[in-house]
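For reference, the chains in residue letters:
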Amino acid sequence: MTNNPKNCPFCSFTDRVIKDNASAYTILSNPRKVPGHFLVIPKRHTEKPWELTAKEIQDVFKLIFFIEKSIIGKLGSGCDIRQNYRPFIEQDDVKMNHVHFHVIPRNKNDYIYSVSEKFEVDLFAELDDLEHQEVAKLLDTKEASKE
Ligand SMILES: [Zn+2]
């Protein structure tokens, strides 16, 4: 792993690697939300997910799907895949700037549901036409290419 910042734990987690391929590796998340909470991490230090190369994305998702196939029916009947881009939060013990994907086994009414998601029903609101138009405009090809 080269050209990586010295203060990035994900650039130097080689002793915890469970499986890897050419451009990505996986470790168990510590701390973790539930048993079998994996992190899939590109080997190259990248902080913006859209800066991953096509090869890195392919290698990341090869590992994600391998993990899913390995844990479904053992640690969960379902699985969440999650990537958080939150530059507004400083890096600390639970927030890493280095892009990574969470793979989290899920079950009906599991621990994550009981302590968190069951309280999130109020988050959902009807999408109205104005909001649809305004947000869809952001994906206009001319606007999107400005970045
Ligand atoms: Zn890094």
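Residues numbered from 1 in each chain as written. Predicted model: local features only at pLDDT ≥ 70, side-chain atom pairs only at ≥ 80, totals over all residues.

Another point: the overall build of the protein. Assigned secondary structure in the protein consists of four helices and five strands. Going from the N terminus to the C terminus, the protein shows its helices and strands as β-β-β-α-β-β-α-α-α. For the protein, the spread of C-alpha atoms along the principal axes amounts to about 50 × 40 × 30 Å. Out of the 147 residues in the protein, the part that is buried amounts to 14%. (Helix = DSSP H or I, 4+ residues; strand = E, 2+ residues; numbered from the N terminus. Buried ≥ 20, exposed ≤ 12 C-beta atoms within 10 Å, placed from the backbone.)

With that settled, the discussion passes to the pairing of strand β5 (residues 101–106). Regular strands have side chains that alternate between both faces of the sheet. Judged from the three bridges that link them, strand β3 (residues 38–42) and β5 form a sheet pairing that is antiparallel. Across the sheet, the residue bridging to Leu39 is His102, located in β5. Summarising the sheet, strand β4 (residues 78–82) and β5 pair through five bridges and their orientation is antiparallel. In the sheet register, Ile81 faces β5, and the bridge partner there is Val103. (Pairing = 2+ DSSP bridges.)

For helix α1 (residues 54–71), spanning 18 residues, the distance from its first C-alpha to its last is 26 Å, which sits close to the expected 26 Å at 1.5 Å a residue. Where α1 is buried, its residues meet β1 (19–20), β2 (24–28), β3 and β5. Downstream of α1 by a residue or two, Gly73 has a phi angle that is positive, lying close to 85°. (Expected span 1.5 Å × (residues − 1). Contact = placed C-beta atoms within 7 Å.)

The strand order β1-β2-β3-β5-β4 describes an open sheet built from five strands, whose pairing is antiparallel. Among the strands making up the open sheet, the edge pair consists of β1 and β4. Relative to β2, β1 runs antiparallel, the two sharing two bridges. Within the sheet, the bridge partner assigned to Asp20 lies in β2 and is Tyr25.

You can see Met96 is positioned in the loop between β4 and β5. In sequence terms Met96 and Arg86 are ten residues apart; their C-alpha atoms lie 9.4 Å from each other. With residues near it in sequence (within four places) discarded, Met96 still touches Pro9, Phe10 and Gln91.

Okay, unusual backbone geometry next. Look at the link from Asn30 to Pro31: it is a cis peptide, with omega at 10°. Inspection of the secondary structure puts Pro31 in the loop between β2 and β3. One non-glycine residue, Asn109, lies in the positive phi region at around 55°. Structurally, Asn109 can be placed in the loop between β5 and α2 (111–115).

What follows concerns the nonpolar core. Counting residues in hydrophobic clusters, the biggest one holds 13 residues, and the most contacted among them are Ala24, Val40, Ile41 and Val103. Elements supplying a minimum of two residues to this core: β2, β3, α1 and β5. The leading source of residues in this core is β3, at four residues. (Core = buried A, V, L, I, M, F, W, Y, C linked by C-beta atoms within 7 Å.)

Turning to the environment of Ile57, a few remarks are in order. The residue Ile57 is located in helix α1 in this model. The sequence separation of Ile57 and Ser23 amounts to 34 residues, and the corresponding C-alpha distance is 8.8 Å.

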